[in-house]
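Given next are the chains, with one letter for each unit.
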Amino acid sequence: MTIQWFPGHMTRAKRQIQEKLKLIDITIELLDARVPLSSRNPMVDEILAGKPRLIILNKSDLADPRITEQWITYFKYEGHEVIAVDSSTGTKVNEIPEKARELLREKIERQLSKGINPRAVRGLIVGIPNVGKSTLINRLAGRNIAITGDRPGVTKGQQWIKVGTEMELLDTPGILWPKFEDELVGYRLAMTGAIREQVLNVEDIAFFALRDLAERYLPALQERFELDITSIDPANSDDIVQLMEAIGRKRGCLLSGGVVNLEKTAGIILREMRAGKLGRITYEAPFPDHAE
Ligand code: G4P
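Because the structure is a prediction, the values reported are computed rather than measured.

1. Looking at the overall build of the protein chain
Secondary structure assignment for the protein chain yields eleven helices and seven strands. Once the C-alpha set of the protein chain is aligned to its principal axes, its extents read approximately 80 × 35 × 35 Å. Scored against the burial criterion, the 292 residues of the protein chain give a buried share of 50%. Total accessible area on the protein chain stands at roughly 14600 Å², and carbon and sulfur atoms take up 49% of it.

2. A word on the site of the ligand
Taken together, 16 residues sit near the ligand, with D61, S87, K133, S134 and T135 positioned nearest. Between an oxygen atom of the ligand and a main-chain N or O atom of V131, the distance comes to 3.3 Å. Side-chain polar atom of T135 to an oxygen atom of the ligand: 2.5 Å apart, as the coordinates give it. Among the elements that line the shell around the ligand, the one with the most residues is helix α6 (residues 133–141), at three residues. Of the residues in the shell around the ligand, the class split is four nonpolar, seven polar and five charged.

3. What about the pairing of strand β1 (residues 26–32)?
Buried residues dominate β1, accounting for seven of its seven residues. A two-sided burial pattern is seen for β1, the buried positions comprising I26, I28, L30 and D32 on one face and T27, E29 and L31 on the other.

4. What to know about the pattern of salt bridges
With the rule as written, the count across this model stands at 19 salt bridges. A salt bridge links D25 to K107; the nearest nitrogen and oxygen atoms lie 3.6 Å apart. With D25 in the loop between α1 (7–21) and β1 and K107 in helix α5 (residues 105–113), this residue pair connects regions lying 82 residues apart in the sequence. Measuring nitrogen to oxygen at the nearest pair gives 3.1 Å for the salt bridge that ties R188 to D212.

5. Describing the packing of helix α7 (residues 183–192) against helix α8 (residues 202–216)
Taken N-terminus to C-terminus, the directions of α7 and α8 make an angle of 90°; their axes are 9 Å apart at the nearest point. When the axis of α7 is compared with that of α8, the two are roughly perpendicular. Every residue of α8 that contacts α7 at E183, L184, Y187, R188, A190 and M191 is listed here: D204, I205, F208, A209, R211 and D212.

Thresholds applied
Residues numbered from 1 in each chain as written. Predicted model: local features only at pLDDT ≥ 70, side-chain atom pairs only at ≥ 80, totals over all residues. Heavy atoms only, no water. Helix = DSSP H or I, 4+ residues; strand = E, 2+ residues; numbered from the N terminus. Buried < 20%, exposed > 50% of the residue type's maximum accessible area, 1.4 Å probe, protein only. Areas by Shrake-Rupley, 256 points an atom, 1.4 Å probe, with all protein chains shown as cover. Near = heavy atom within 4 Å. Polar contact = N/O pair within 3.5 Å; in protein donor to acceptor, adjacent residues only side chain to side chain. Nonpolar A, V, L, I, M, F, W, Y, C, P; charged D, E, K, R; others polar. Salt bridge = Lys/Arg side-chain N within 4 Å of Asp/Glu carboxyl O. Axes fitted to C-alpha atoms, helices over the stretch in contact; angles between N-to-C directions. Parallel < 35°, antiparallel > 145°, perpendicular 65-115°, else oblique. Contact = heavy atoms within 4.5 Å.

The following block contains the structure:
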């Protein structure tokens with residue numbers, strides 16, 4: 001899905017989410033575990049202000065588990081509950097309703113002490129395009145998809161999906177925009193496939209990707225592409241271009257005269273990276289040993 005985000009669209013998106021906030025108890029902010037900051041909306045704290053928030057690090061099956069743990073610590077420190085999940089297979093998704101109730105524990109306990117039977121926790125999933133919102137909603141809805149019907153105050157056509165007995169979700173997620181003003185954010189999102197390649201040059205995306213990989217995952221690169229390059233200075237553009245050329249030669253991406261076809265090489269690198277062929281990779285880390 002390609003959405004052109006202009007200021008008017010952002011204002012409308014923000015308003016649409018804020019309308020929905022009136023109907024729900026908690027928000028579920030979906031981030032990509034490989035790029036938790038780049039996949040975060042720059043105004044999310046303002047947009048979701050006042051609602052308890054559960055952070056979900058999605059696509060954790062593709063991310064480096066060690067760094068995912070660091071991100072969990074980071075977001076907890078920010079004061080949020082956080083779970084790393086894989087919505088495509090459902091791993092850890094079943095922990096979401098329980099965590100959601102935990103976020104509302106005080107309110108639920110207050111109701112119980114007054115003899116009120118608490119109703120199901122109502123949630124709204126929000127996130128940038130392609131982060132996995134629909135996949136997660138379908139996964140949470142499961143086979144027993146039970147739509148509970150329109151309710152007063154809900155936009156016409158908007159419905160609730162039952163997640164077990166203790167949680168309900170609005171069936172349409174809140175779509176947020178990414179942080180466009182930062183060029184690196186654009187490239188990181190493109191590396192993960194969240195931004196289509198037509199928007200950015202494929203060779204440039206692969207260049208940024210190789211720079212990150214050379215810095216943090218050189219052994220994985222060497223192994224996958226059978227490279228005998230042992231030392232690379234990720235800050236040196238010439239080194240990165242040479243690395244891309246070496247990969248191109250290994251994969252037979254040659255033009256006449258033996259010149260490496262960088263466009264084709266870039267396509268191969270990105271495809272294999274996104275498919276997890278280089279292992280589980282995270283492009284952003286919260287703590288110094290992996291800082292930029
Ligand atoms: P959205 O509603 O937020 O826009 O995202 P959506 O659910 O459509 O998911 C975008 C892509 O991400 C889908 O791939 C989906 O299968 C994949 N995806 C979602 N969650 C996970 C996850 O936890 N792990 C992995 N590995 N993949 C996940 P797709 O349909 O193949 O789309 P595309 O790859 O052609 O863009």
